Amino acid sequence: MRGSITWWLLVTLTVLVSMALASKDYYKILDVPRDAQKAQIKRHFKKLSRVYHPDKNSGDEAASQKFMEIANAYEVLMDDEKRSIYDRYGEEGLKNGGGGGHGFGGGGDPFDIFSHFFGGGHGHRQAQEKRGPDIAIPLEVTLEDLYNGAVIEVDVSKQVLCDHCHGSGARRPEDIHTCNTCDGRGMVIKRAQVAPGMFQQFQQQCQACDGKGKITEHLCPSCSGHKVRRGNENYSIHIERGMNDAQKIILDEEADEYPDTIPGNVIFVTRTAPHPVFERRGNNLYTKQHITLIEALAGFKKTMTQLDNSIIELEREGVTQYGFVQTIKGQGMPLQENHSRHGDLFVEYQVIFPTEVDSETIEYLKKGSTFAPDNGPKLVHQEL
Ligand SMILES: [Zn+2]
Ligand SMILES: [Zn+2]
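Because the structure is a prediction, the values reported are computed rather than measured.

*Asks:* I keep staring at the packing of aromatic side chains and nothing clicks. Help me out?
*Replies:* Throughout the structure, instances matching the rule amount to six aromatic pairs. An angle of 15 degrees between the planes, with centres 4.3 Å apart, marks the rings of Tyr26 and Tyr86 as stacked. On the criterion of sequence distance, the pair formed by Tyr26 in helix α2 (residues 26–29) and Tyr86 in helix α5 (residues 80–95) is long-range, its members being 60 residues apart. For Tyr86, a relative accessible area of 5% puts it in the buried group. With a centroid separation of 6.5 Å and an interplanar angle of 65 degrees, the aromatic rings of Tyr235 and Phe268 are classed as edge-to-face. Taken as a pair, Tyr235 in strand β8 (residues 228–239) and Phe268 in strand β11 (residues 266–272) lie far apart in primary sequence, 33 residues in all. Note on Phe268: relative accessible area 0%, which makes it buried. Through pairs of rings, three or more aromatic residues link up here, namely Tyr26, Tyr27 and Tyr86. Its guanidinium or amino end placed over the ring of Phe300, Lys302 lies 6.0 Å from that ring's centre, counting from NZ or CZ.

This is the structure we're talking about:
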């Protein structure tokens, strides 16, 4: 009998030691308490993966390692079965295939998990949780950004849960007790005598715990029990080629954080800054070009610079009327749904007239009038 107890102790110790040596603490990696709800795990994962995502740390091996670690921890803690195996047996338990866990081999690519958040997917949120308000933020973009695509870094100041107590307001999880007065119900039943021998029962909010059902013995030293603080979050906003003005870019559940509440969305709304050369209408671009009188009369070849710095050739033969609009196919904005297709460019020509003309030239031109058709240059005018 004693032998078997010693044997059990030995096994337990070995397991504990090997856990300490080999396994990573998934809860620490994601910076969540051991009893964290999925919503909280998800939020922390999103926050961390924004910092360590390879898109932001290209070539940084340590960051990419860290990202894989975060994604792995996230996958395990979001899966009820894997999480319970991990809680009991640590990382080793998962490796041994306990409960048919299949890690990333069969599960999913960490990048898929990440893109799932930012692709506008709605996930599976718990219906019983409250939801905070959305925040709309105007996002100024240039026409170049919309033509070429861009990544814009934005700092958003917002309310976040205290990272010391994870929004519980308590110094430690053990400092939160179930209220003895109401047994955690938050309500107490009172009996009042309304007439001799007649009692009425009614419910009242528990005054000992203010209806919360829980009492916090020691407040969190970091937030003094307020549960939240002001924070700052950095986002990389992807501007897709051909995106429109006033287009919404939604970051799911990134608005202000409140305890026991799913944050609302942060909604960035694009606002195109005025451009000195081009004006955009739908997928088409409009511009005005100045030409000299000689160019207007004799034709020209010139170039202008496109929004991606490529060169657009402008060519006209013969006379170009003031205000003539030339259509250049395929030099408009790229289409958001198909980047290889473009709208058109409309170039309006404005003729710059000379400030003065010498009398000799005037005389010469006058000879071209209809009174002397055979002697001078021909000027053919439109019928007025
Ligand atoms: Zn706190
Ligand atoms: Zn109570």
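There is more to say, and it comes next.
*Asks:* Looking at this structure, how should I read the coordination of the zinc ion (ligand 1)?
*Replies:* Looking at the metal site, the zinc ion (ligand 1) is ligated by Cys162 (SG), Cys165 (SG), Cys220 (SG) and Cys223 (SG), spaced 2.3 Å from it. Every donor counted, the four donor atoms about the zinc ion (ligand 1) form angles of 104 to 115 degrees at the centre, which fits tetrahedral coordination. All donors of the zinc ion (ligand 1) come from a single chain, and their spacing in sequence reads C-x2-C-x54-C-x2-C. Of the two residues, Cys165 sits in the loop between β3 (150–161) and β4 (176–178) while Cys223 sits in the loop between β7 (214–216) and β8, which places them 58 residues apart along the sequence. Neither residue differs from the other here; Cys165 and Cys223 are each classed as buried.

*Asks:* Looking at this structure, I do not really get the nonpolar core. What am I missing?
*Replies:* A general feature of soluble globular proteins is that nonpolar side chains tend to end up buried together. Residues Leu139, Ile237, Ile239, Phe268 and Leu314 are the most contacted members of the largest nonpolar core, which totals 34 residues. Each of domain 2 (130–164 + 231–273) and domain 4 (279–366) contributes no fewer than three residues to this core. The next biggest cluster of nonpolar side chains, apart from the first, holds 18 residues, and it includes Val32, Ile70, Ala71 and Leu94.

*Asks:* What should I look at first to understand unusual backbone geometry in this one?
*Replies:* The bulk of non-glycine residues show a negative phi, and the bulk of peptide bonds are trans. The backbone phi angle of His166 is positive, close to 55 degrees, even though this residue is not glycine. Relative to the helices and strands, His166 is located in the loop between β3 and β4. Here His166 falls in the buried class, since its relative accessible area comes to 18%. Of note, the phi angle at Asp260 is positive, near 55 degrees, even though the residue is not glycine.

*Asks:* Could you clarify how one ought to interpret the pattern of salt bridges in this entry?
*Replies:* Side-chain pairing between opposite charges can occur once the charged atoms of the two side chains come close. Tallied over the entire structure, the rule returns 15 salt bridges. Arg34 is the salt-bridge partner of Asp25, the closest N and O atoms lying 4.0 Å from each other. The exposure class assigned to Arg34 is partly exposed, which follows from its relative accessible area of 48%. A salt bridge links Asp80 to Lys38; its shortest N-O distance comes to 3.1 Å.

*Asks:* How do you make sense of the coordination of the zinc ion (ligand 2) when you look at a structure like this?
*Replies:* Ideal values differ by geometry: the angle at a metal is 109.5 degrees with four tetrahedral donors, but 90 or 180 degrees with six octahedral donors. Summarising the metal site, the zinc ion (ligand 2) is bound by the protein donors Cys179 (SG), Cys182 (SG), Cys206 (SG) and Cys209 (SG), whose distances to it range over 2.2 to 2.3 Å. Around the zinc ion (ligand 2) sit four donor atoms; with metal-centred angles ranging over 103 to 115 degrees, the donor geometry is tetrahedral. Taken in chain order, the donor set of the zinc ion (ligand 2) reads C-x2-C-x23-C-x2-C. One end of the pair, Cys179, is in the loop between β4 and β5 (187–195); the other, Cys209, is in the loop between β6 (198–205) and β7, and 30 residues separate them in sequence. Of the two residues, Cys179 and Cys209, both sit in the buried class.

*Asks:* Can you help me understand a nonpolar patch on the surface in this one?
*Replies:* Taken together, the side chains of Tyr364, Leu365 and Leu379 make up a nonpolar region of the molecular surface, amounting to roughly 290 Å² of accessible area. Tracing the backbone shows Leu379 in the segment after α10 (359–366). Given the relative accessible area of 41%, Leu379 is considered partly exposed.

*Asks:* Where do I start with helix α4 (residues 61–78) in this structure?
*Replies:* Each full turn of the α-helix corresponds to 3.6 residues, which orients residues three or four apart in the same direction. For α4, which comprises 18 residues, the first-to-last C-alpha distance of 26 Å matches the rise-based estimate of 26 Å (1.5 Å per residue) to within 8%. Listed as buried for α4 are Ala63, Phe67, Ile70, Ala71, Ala73, Tyr74, Glu75, Val76, Leu77 and Met78. Its side-chain oxygen at 3.1 Å from the backbone nitrogen of Ala62, Asp60 defines the N-terminal cap of α4.

*Asks:* Explanation requested: the side chain of Gln336 in the structure shown.
*Replies:* On the secondary structure map, Gln336 appears in the loop between β17 (334–335) and β18 (338–342). With a relative accessible area of 19%, Gln336 lands in the buried category. Separated by 3.4 Å, the side chains of Gln336 and Gln247 make a polar contact.

Definitions and cut-offs
Residues numbered from 1 in each chain as written. Chains lettered and ligands numbered in written order. Predicted model: local features only at pLDDT ≥ 70, side-chain atom pairs only at ≥ 80, totals over all residues. Heavy atoms only, no water. Phe/Tyr/Trp six-rings, centres within 6.5 Å; stacked < 30°, edge-to-face > 60°. Helix = DSSP H or I, 4+ residues; strand = E, 2+ residues; numbered from the N terminus. Buried < 20%, exposed > 50% of the residue type's maximum accessible area, 1.4 Å probe, protein only. Lys NZ or Arg CZ within 6 Å of the ring centre and 35° of its normal. Donors = N, O, S within 2.8 Å, 3.2 Å for Na, K, Ca; no water. Tetrahedral: all angles 85-135°; square planar, octahedral: opposite > 155°, others 65-115°. Core = buried A, V, L, I, M, F, W, Y, C linked by side-chain atoms within 4.5 Å. Domains from an automatic or database assignment. Salt bridge = Lys/Arg side-chain N within 4 Å of Asp/Glu carboxyl O. Patch = residues over 30% accessible without salt bridge, like charges linked within 9 Å, V, L, I, M, F, W, Y side chains within 5 Å. Areas by Shrake-Rupley, 256 points an atom, 1.4 Å probe, with all protein chains shown as cover. Expected span 1.5 Å × (residues − 1). Polar contact = N/O pair within 3.5 Å; in protein donor to acceptor, adjacent residues only side chain to side chain.

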